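# Summary of structural features
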Amino acid sequence: MKIFAIGRNYIDHAKELNNPVPAEPMFFMKPDTALVKHNKPFFYPDFTEDLHYEVEIVLKLSKVGKSVDEKFAHRYYNEIGIGIDFTARDIQSKCKEKGNPWEIAKAFDGSAPVSEFIPREKFEDVHQLNFHLDINGVTVQSGNTRDVIFSFERIISYISKYITVKMGDLIFTGTPAGVGPVKIGDHLQAYIEDVLMLDFYVR
Ligand code: MG
């Protein structure tokens, strides 16, 4: 399976990192070794001193697709979850300066904790989902999927132009404003609407 992640899909987050609002979706990938499941702890890596959380709605794909038309892209995902796109911000800044790829800042082991997935028909409208992240009981990020720059369907269509999507692939759909650092001992809890979906500690 593959993990895709969309950068800068919420205007308020693009602005907080002084990035231009994109005209086309921008994505990168994480390997399957980035996954952390079942609320297992995340181990703070020793190569960064500025590890950031980014809470994101995650789509699970349900079909093989190549160059999927945006009109039909809603048929290609059937489950929704929530995850953290952990980012070594200090390393990412150096990569950006040098024009290098982001893998060492974004794709390292454990960089993608994800919740269980829920069938999308359990939600009234996946294009108007509230989600938020609490750290140590305080809400640090909250968003609504109505505020994305590129819809889930546009993202699937765009990615599949370049890379065939397959059943079980995941797409992290971008983070709203409010990203920031975590430290060892922090307790992260991510919610879709008011349902606690993801609940783990940084060790
Ligand atoms: Mg992200």
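As shown above, the structure is provided for reference.
Definitions and limits used
Residues numbered from 1 in each chain as written. Predicted model: local features only at pLDDT ≥ 70, side-chain atom pairs only at ≥ 80, totals over all residues. Heavy atoms only, no water. Helix = DSSP H or I, 4+ residues; strand = E, 2+ residues; numbered from the N terminus. Rg over C-alpha atoms; globule rule 2.2 N^0.38 Å. Buried < 20%, exposed > 50% of the residue type's maximum accessible area, 1.4 Å probe, protein only. Contact = heavy atoms within 4.5 Å. Areas by Shrake-Rupley, 256 points an atom, 1.4 Å probe, with all protein chains shown as cover. Core = buried A, V, L, I, M, F, W, Y, C linked by side-chain atoms within 4.5 Å. Salt bridge = Lys/Arg side-chain N within 4 Å of Asp/Glu carboxyl O. Phe/Tyr/Trp six-rings, centres within 6.5 Å; stacked < 30°, edge-to-face > 60°. Lys NZ or Arg CZ within 6 Å of the ring centre and 35° of its normal. Donors = N, O, S within 2.8 Å, 3.2 Å for Na, K, Ca; no water. Pairing = 2+ DSSP bridges. Polar contact = N/O pair within 3.5 Å; in protein donor to acceptor, adjacent residues only side chain to side chain.

### Concerning the overall build of the chain
Scanning the chain from terminus to terminus reveals 4 helices and 15 strands. A compact globule built from 203 residues would reach a C-alpha radius of gyration of about 17 Å, and the chain, at 16 Å, matches this within 12%. The C-alpha extent of the chain, read off along each of the three principal axes, is 45 × 40 × 30 Å. With 203 residues in all, the chain has 53% of them scored as buried. The contacts in the chain between residues at least 6 apart in sequence include a share of 77% that link residues at least 24 apart. When the accessible area of the chain is evaluated, it comes to approximately 9400 Å², of which 51% is carbon and sulfur surface.

### What about the nonpolar core?
Of all hydrophobic cores here, the largest spans 56 residues; its most connected members are Ile80, Ile82, Ile84, Phe86, Ile171 and Leu188. Setting aside anything within four residues of it in sequence, one finds Ile171 in contact with Phe4, Ile6, Ile57, Val58, Leu59, Leu61, Ile155, Ile156 and Ile159.

### Focus: the pattern of salt bridges
One pass over the full model with this rule turns up 7 salt bridges. A single network of salt bridges, built from pairs that share partners, joins Lys30, Glu54, Asp85, Arg89 and Lys106.

### Comments concerning unusual backbone geometry
With phi around 60°, Asn39 is a residue other than glycine that occupies positive phi space. As for its position among the elements, Asn39 is in the loop between β3 (35–36) and β4 (51–53). Residue classification places Asn39 among the partly exposed residues on the basis of a relative accessible area of 38%.

### Side note on the packing of aromatic side chains
On inspection of all chains with the given rule, the structure shows 9 aromatic pairs. Pairing Phe28 with Trp102 gives two aromatic rings, centres 5.6 Å apart and planes at 50°, and the pair type is tilted. With Phe28 in strand β2 (residues 26–30) and Trp102 in the loop between α2 (89–98) and α3 (103–106), this residue pair connects regions lying 74 residues apart in the sequence. With relative accessibility at 11%, the residue Phe28 sits in the buried group. Take Trp102: its relative accessible area is 16%, and that puts it in the buried class. Consider the rings of Tyr77 and Phe152, whose centres lie 5.9 Å apart with planes at 90°: the pair is edge-to-face. Of this pair, Tyr77 sits in strand β6 (residues 77–84) while Phe152 sits in helix α4 (residues 152–162), and the two are 75 residues apart along the sequence. Classification of Phe152 by relative accessible area gives buried; the value is 1%. The residue whose ring lies beneath Lys63 is Tyr76, and the NZ or CZ to ring-centre distance is 4.9 Å.

### Quick notes on the coordination of the magnesium ion
For a metal bound by four donors in a tetrahedral arrangement, the ideal donor-metal-donor angle is 109.5 degrees, while six donors in an octahedral arrangement ideally sit at 90 or 180 degrees. Taken together, the protein ligands of the magnesium ion are Glu54 (OE), Glu56 (OE) and Asp85 (OD), with distances of 2.0 to 2.1 Å. On the basis of relative accessible area, Glu56 is assigned to the buried category, the value being 0%.

### Here's the deal with the sheet that holds β4
With antiparallel pairing, the 3 strands of this open sheet are ordered in space as β7-β4-β13. Strand pairing shows two members of the sheet lacking a second neighbour, β7 (87–88) and β13 (180–181), which therefore form its edges. Direction of pairing for β4 relative to β7: antiparallel, over a ladder of 2 bridges. Residue pairing in the sheet places His52 in a bridge with Thr87 of β7.

### Section: the side chain of Lys106
Tracing the backbone through its elements, the reader meets Lys106 in helix α3. Looking at Lys106, the relative accessible area reads 3%, which means it is buried. Not counting residues within four places of it along the chain, the set of residues in contact with Lys106 comprises Phe28, Lys30, Glu54, Asp85, Phe86, Thr87, Gln92 and Ser111.

### What to know about the environment of Tyr201
Within the secondary structure, Tyr201 is located in strand β15 (residues 195–201). When the C-alpha atoms of Tyr201 and Lys2 are compared, they prove to be 25 Å apart, with 199 residues separating the residues in sequence. Look past the residues within four positions of Tyr201 in its chain and what remains in contact with it is Pro41, Phe42, Gly185, Asp186 and His187. Only 3.5 Å separates the side chain of Tyr201 from the side chain of His187, close enough to count as a polar contact.

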